[in-house]
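# Per-entry structural report
In case you want the letters, here they are:
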Amino acid sequence: MSNVPPRPSPARLAIVGGGPAGLFVAEIACAAGLQVDLFDAKGSVGRKFLIAGKGGLNLTHSEARPAFDARYRERQHDVARWLDGFDAPALRAWAAARGVETFVGSSGRVFPVDLKAAPLLRGWVRALRDAGVRFHVHHRWTGWEADGRLRFATPAGERLHAADAGVLALGGASWPELGSDGAWVPVLQAQGVDVAPLVPANCGFDVDWSTHLVERHAGAPLKPVVLHWCDVAGRARALQGECVLTATGIEGSAVYAAAADLRDAIARDGAATLTLDLAPGRDPDRLQAALQRPRGRRSIGEHLRRASGLDAAKSALLFERLPREAFEDPARVAAAIKRLPLRLQAARPVAEAISTAGGVRLDALDDALMLRRRPGTFVAGEMLDWEAPTGGYLLTACYASARVAAHGAIDWLAARA
Ligand SMILES: Cc1cc2nc3c(=O)[nH]c(=O)nc-3n(C[C@H](O)[C@H](O)[C@H](O)COP(=O)(O)OP(=O)(O)OC[C@H]3O[C@@H](n4cnc5c(N)ncnc54)[C@H](O)[C@@H]3O)c2cc1C
């Protein structure tokens, strides 16, 4: 008989949600020697991460801190603390350690050299499996039993799972077909956890277009344009970029960058104004002079196109917004080209947005991202109450918060061993 005492079995960590936040928690927890079970409602993990790959997988941004931190708006000081442990260079180094080199694009955004998410995700999941992480797909978490066990709906019926600690990384509510549908909100609220309403971030907006504009130009890009709007503090903001006319309004990368301010203005005032410069870089006086040249036998549209260089979609927007008689007044047309106000009536629904604002309020968590109302349960990723523009800031905060939650769980379990 051996006198060697039995090795204590490792503490069990249950992670719910297999997006980048959940997977990163799994990686850190597994490396720390925990027994990790990862559950996801869908039949595979990382679906939103894969969709992000369709846009080239903008993993992070090369902008230096603290400007980087300021992208997280009202939550910048909290997120900065997470970034102190894992920032953009750390994320690039992490990808490189998985054989995925990254590069800085012209806009400062950071992408994998092959612009793909699938190889990174595949290698990551394989490495986690090899390290001992147990994956349980088709497991939809629905809450806790009175004894603390996690409850899952599975194709084989309800399943209960006991763990020593848990991490929730369930994502927001955008693109629910990819798995994150915000159904966790009432479950946590029932536990007394304070959750800020999930609202769209990086979203499009409704504009009251005519049927004519929709039929002829929905889907047309507007590029380049300069957007002018007011931020929450009433400061004038401007940004050059691209947007797209849609059947319901306007969307696209430049609109996403302004979306948080515009969304909040609509919530406050009932509508918001987004003003477009359809001819960036064009001097207003020269534009007016060109429009003043005799039109001859040319149609108004043809004259406008020749004098201003506006394409069909931009011209259509002008015709949509200006009364017919205004086109006899070159000064008025030039002014409208340089400053065309659009009245935004509503943000598009969160399901259509790139990301979600709102979520578990940071006051409901301690510094280790543990729920004050449920000791032993930690929260990470987009389900937390922060938001950021596109540009790699979303994934970076998901990783950074995941690291905090993972170490929180590891330390919490160690203190109880
Ligand atoms: C089209 C698109 C493109 C994007 N491109 C970029 C980009 O280039 N760069 C960038 O930084 N960000 C991008 N994002 C945002 C980024 O993908 C998300 O911020 C990120 O995936 C959030 O990670 P997460 O782990 O917190 O949540 P998610 O990735 O949403 O993962 C949550 C997981 O939880 C699971 N889940 C949810 N509820 C339950 C439940 N009840 N039970 C069990 N499992 C559940 C889901 O199935 C899902 O797998 C993009 C988003 C979209 C929609």
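Note that the structure is predicted; figures quoted are calculated from it, not measured. (Residues numbered from 1 in each chain as written. Predicted model: local features only at pLDDT ≥ 70, side-chain atom pairs only at ≥ 80, totals over all residues.)

## Notes on the overall build of the protein
Helices and strands together make up the secondary structure of the protein, namely 14 helices and 20 strands. Counting only C-alpha atoms and orienting by the principal axes, one finds that the protein spans roughly 105 × 40 × 40 Å. Considering only intrachain contacts with a sequence separation of at least 6, the fraction spanning at least 24 residues in the protein is 69%. (Helix = DSSP H or I, 4+ residues; strand = E, 2+ residues; numbered from the N terminus. Contact = placed C-beta atoms within 7 Å.)

## Quick notes on the site of the ligand
Contacts to the ligand come from 39 residues, most closely from Gly17, Gly19, Gly171, Gly179 and Gly381. Within the residue set of the shell around the ligand, elements represented by two or more residues are helix H1 (20-31), helix H2 (47-54), strand E7 (140-144) and helix H14 (393-416). If you tally residues by element for the shell around the ligand, the top one is H2, at five residues. Grouping the amino acids of the shell around the ligand by side-chain chemistry returns 20 nonpolar, 13 polar and six charged. (Near = placed C-beta within 6 Å. Nonpolar A, V, L, I, M, F, W, Y, C, P; charged D, E, K, R; others polar.)

## Considerations on the sheet that holds strand E1 (residues 12-16)
Taken in spatial order, the five strands make up an open sheet running E6-E2-E1-E10-E20, and their pairing is parallel. Both outer strands of the open sheet, strand E6 (134-136) and strand E20 (377-379), are each paired with one neighbouring strand and no more. Within the sheet, the average angular offset between the axes of one strand and its neighbour, ignoring direction, is 20 degrees. Pairing analysis gives four bridges linking E1 to strand E10 (residues 165-168), with the strands arranged parallel. Bridge pairing in E10 links valine 16 to leucine 168. (Pairing = 2+ DSSP bridges. Axes fitted to C-alpha atoms, helices over the stretch in contact; angles between N-to-C directions.)

## So, the domain arrangement of the protein
Structurally, the protein comprises domain 1 (12-201 + 356-416) and domain 2 (205-347). Distance from the C-alpha centre of domain 1 to the C-alpha centre of domain 2: 38 Å. Each side of the interface is counted separately: domain 1 has eight residues, and domain 2 has seven residues. Here the element with the most residues in the side of domain 1 that touches domain 2 is strand E11 (residues 195-201); it accounts for three residues. Residues that form the side of domain 1 that touches domain 2 fall into these classes: five nonpolar, one polar and two charged. (Domains from an automatic or database assignment.)

## Remarks on the packing of H1 against helix H6 (residues 118-131)
When two helices pack together, you describe them by how their axes are tilted relative to each other and by the distance separating the axes. At their nearest, the axes of H1 and H6 sit 10 Å apart, and the two run at 35 degrees to each other. Of the two elements, H1 crosses H6, and the hand of that crossing is left-handed. The residues of H6 that touch H1, namely those facing Leu23, Ala26, Glu27 and Cys30, are Trp124, Leu128 and Ala131. Across the contact of H1 with H6, the residue classes break down as six nonpolar, no polar and one charged. (Left-handed = near helix turned anticlockwise from the far one by under 90°.)

## Observations concerning unusual backbone geometry
At the junction of arginine 65 and proline 66, the peptide bond is cis and its omega measures out at 5 degrees in the coordinates. Omega for the peptide link from lysine 223 to proline 224 comes to -10 degrees, which places this bond in the cis form. Mapped onto the elements, proline 224 comes out in strand E13 (residues 221-230). Non-glycine residue leucine 57 carries a positive phi angle of around 55 degrees.

## Some points on the sheet that holds strand E15 (residues 249-251)
In any sheet, the strands associate via hydrogen bonds between backbone groups, in a parallel or an antiparallel arrangement. Pairing is antiparallel across the open sheet formed by seven strands, whose spatial order is E17-E16-E13-E14-E15-E12-E18. Each edge of the sheet is formed by a strand with only one pairing partner; in this case those strands are strand E17 (340-344) and strand E18 (346-347). Two strands pair when backbone bridges link them, and E13 and strand E14 (residues 236-245) are joined in this way by eight bridges, in the antiparallel orientation. Bridging from a neighbouring strand, tryptophan 229 pairs with arginine 237 of E14.

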